[in-house]
Amino acid sequence: MSASINRSSPITKTTALNLQGDSESYGTIVVVQDPDSKPLVGTPGIEKLQEEVPQKVELVKPKQCIGTLRLFAILFVACIGGAYGVEDVVGSVGPLLAIIFITVLPWLVQFPMCMLTAELSSALPSNAGMIQWTTTAFHKKGSRFFTFQIIFSSIVTSITDNAVYPALFVDYVTEMIPLNGWEKATVKTGVVVLAVALNIVGVDIVGVVALGLLVVVLSPFIVMVVFGAPQLDPTTWGEVPKFVQMDWAVFFPLIFWNLNGADGAGNISEEVVDAEKSFPRAMLLLTTGAMLTYLLPVLVGLSVDPNWQNWSDGYFVTICEQIGPSWIRAALPWMMFVGGMISSFGYLVTLMCTTSRLFYGIAQLHIIPYVFKPFDRLNSKLKTPDTCILLNGGVVLILTLFLDFEELVAVDCVVYAYRLIIEIACLLLMRWRYPNLPRPMKIPLGQRGLTAMCTIPLIFCTMTMIIGSTASGTTLFLSLLFFVLSALLGLLYQLISKQELLKLPEIIDIQAAIKEENTNNASETPSLTLTDSSGTLNNVVVTDNSNL
């Protein structure tokens, strides 16, 4: 395959075009030439390509309106939000190890994943995010299988993450108001039903609910740290329980759950202003924010209440009863109580909003028409995907009624760790297969350094999958069920599907194509035509690369 183009204009660093072959149209593409790579000039057949690139082609993108601080705020709310739920980390491994892990793991696990997100988002800017990364990285060699894995795991993690918050809501309620089994189930049901109703009414209300989340969830911890600082006692931080007393099946999923989510930034990458600077700055702030958000309340809490064996989700409410002067001791537990409930409900509402839209988007793919047709609709009056919201709410309710907080987190993190391993493979494959693809935010490491950087996150994800799945018999069953279904359905789709799950970017090696064509027939007129007509495959990336 070689190329002929319509009009003259030199190839610049990035030129937006449209690609149309002999028998099919591919849509908008980007022709790129990395300034650090070998020049295309001088390559047989490339001079004609340079002479005939059309001059006027526009690439339509979403409005770029998210800067560093706004990106950080979005990610902080989505990934951290507060130290709610971190109590079990201390209760599972003891004070010293909890402090060490909370200090170190954000930099060894979360920060590399932040940088992964920054590089892939800048190399392939699209709100399709991780789905686009996977489709491009595996490029026709299992791309359908691995894209299906990303989509399926995203669905499962979204649902289980939704189900975590009604359970956490009830755990905080019971710190102040004792509830029996039926009362807990009633509260969980009410929380889910209310979240479903708000989502059906519309995303505008969801946006109003989300706006005040950051202040509400952080304010109790700010008060706790400020008034608890005079009570700091480092002598309570050094206890290490015997290894057999440590509950690693609780620790790994919980610490992982408190650190994950940064890859979601890929879904808004096209809307980030000056991504080369905004992404690394926001990711650095996010990692630092994660460490301080979890570490400071734990240090204060251990100083005030060194009985770490009693620490479990919701225990911060009890700790707050021992902090500061009498009026703070009276008010702060209720602030923590209300903050825990509001944050749990707020996250449920916002996550249900995004998850339902994910269901709706997948339904529009018509992978299995008879199954997905009822969900490919919007409410005629409210314009919301009501059937998808009801499906989401129903599944969430079943999970949250039959699984407790720790089990839900374990299943969620097992599946999320699997997805993250695929994303790491995408980063390494993209560097190996397309080394000259422009990356405005490129991790300053070579292939070996990049592999070394990803080693610790890979090990941590693997351990989370193995150890987290053993948290209980239920989590083991659900984890195995996920892997079996994911593999079988992915293989089935790979074998029987004649189209990609999404029409996402392909990367075409134009230099290798020209070389191959000239080898076969040096005088043959190129058969690939770049035009300005619309096509069926969006955002093809044409790059100089010889390592495919």
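Residues numbered from 1 in each chain as written. Predicted model: local features only at pLDDT ≥ 70, side-chain atom pairs only at ≥ 80, totals over all residues. Heavy atoms only, no water.

Draft legend 1. Here's a closer look at the overall build of the protein chain. Broken down by element type, the protein chain carries 19 helices and 6 strands. The proportion of buried residues among the 548 residues of the protein chain is 54%. Within the protein chain, residue pairs in contact and separated by at least 24 positions form 83% of the contacts whose partners lie at least 6 positions apart. For the protein chain, the accessible area works out to roughly 23600 Å², and carbon and sulfur atoms hold 64% of it. (Helix = DSSP H or I, 4+ residues; strand = E, 2+ residues; numbered from the N terminus. Buried < 20%, exposed > 50% of the residue type's maximum accessible area, 1.4 Å probe, protein only. Contact = heavy atoms within 4.5 Å. Areas by Shrake-Rupley, 256 points an atom, 1.4 Å probe, with all protein chains shown as cover.)

Draft legend 2. Fine view of a nonpolar patch on the surface. On the surface, Phe477, Leu481, Leu485, Leu489, Leu492, Leu495 and Ile496 cluster together to form a nonpolar patch covering roughly 690 Å² of accessible area. With respect to the secondary-structure elements, Ile496 resides in helix α18 (residues 473-496). (Patch = residues over 30% accessible without salt bridge, like charges linked within 9 Å, V, L, I, M, F, W, Y side chains within 5 Å. Salt bridge = Lys/Arg side-chain N within 4 Å of Asp/Glu carboxyl O.)

Draft legend 3. Quick look at the nonpolar core. By size, the foremost hydrophobic cluster in this structure holds 134 residues, and its most contacted members are Met224, Leu286, Phe316 and Met336. Setting aside anything within four residues of it in sequence, one finds Met224 in contact with Pro297, Val300, Gly301, Phe316, Ile319, Cys320, Ile323, Leu332 and Met336. (Core = buried A, V, L, I, M, F, W, Y, C linked by side-chain atoms within 4.5 Å.)

Draft legend 4. Main features of the packing of helix α13 (residues 326-363) against helix α15 (residues 386-402). Contact geometry for α13 and α15: axes closest at 9 Å, N-to-C directions at 120 degrees. The pairing of α13 with α15 is recorded here as oblique in orientation. Taken as a pair, α13 and α15 cross one another with a handedness that is right-handed. Contacts between α13 and α15 involve Met352, Thr355, Ser356, Arg357, Phe359 and Tyr360 from the first element and Cys388, Ile389, Leu391, Asn392 and Gly393 from the second. (Axes fitted to C-alpha atoms, helices over the stretch in contact; angles between N-to-C directions. Parallel < 35°, antiparallel > 145°, perpendicular 65-115°, else oblique. Left-handed = near helix turned anticlockwise from the far one by under 90°.)

Draft legend 5. Up close: the pattern of salt bridges. Tallying each qualifying case throughout the model produces 3 salt bridges. Among the salt bridges present, the one from Arg439 reaches Glu119, with a minimum N-O distance of 3.2 Å. Within this pair, whereas Arg439 is found in the loop between α16 (405-433) and α17 (447-468), its partner Glu119 is found in helix α4 (residues 95-123), the two being separated by 320 residues in sequence. The burial state of Arg439 is the same as that of Glu119; both residues are buried.

Draft legend 6. Representation of the packing of α4 against α16 within the structure. One way to put it is that α4 packs onto α16 with a least axis distance of 11 Å and a crossing angle of 50 degrees. Considering the angle they form, α4 stands oblique to α16. α4 and α16 meet at a crossing whose hand is left-handed. Residues Met113, Leu116, Glu119 and Leu120 of α4 pack against Leu420, Glu423, Ile424, Cys426, Leu427, Met430 and Arg431 of α16. Looking at the contact of α4 with α16 residue by residue, the classes come out as 8 nonpolar, no polar and 3 charged. (Nonpolar A, V, L, I, M, F, W, Y, C, P; charged D, E, K, R; others polar.)

Draft legend 7. Structural view of the side chain of Ser303. Considering the arrangement of structural elements, one finds Ser303 in helix α11 (residues 275-304). Not counting the four nearest positions on each side in its chain, Ser303 is found in contact with Gln231, Leu232, Asp233, Thr236 and Trp237.

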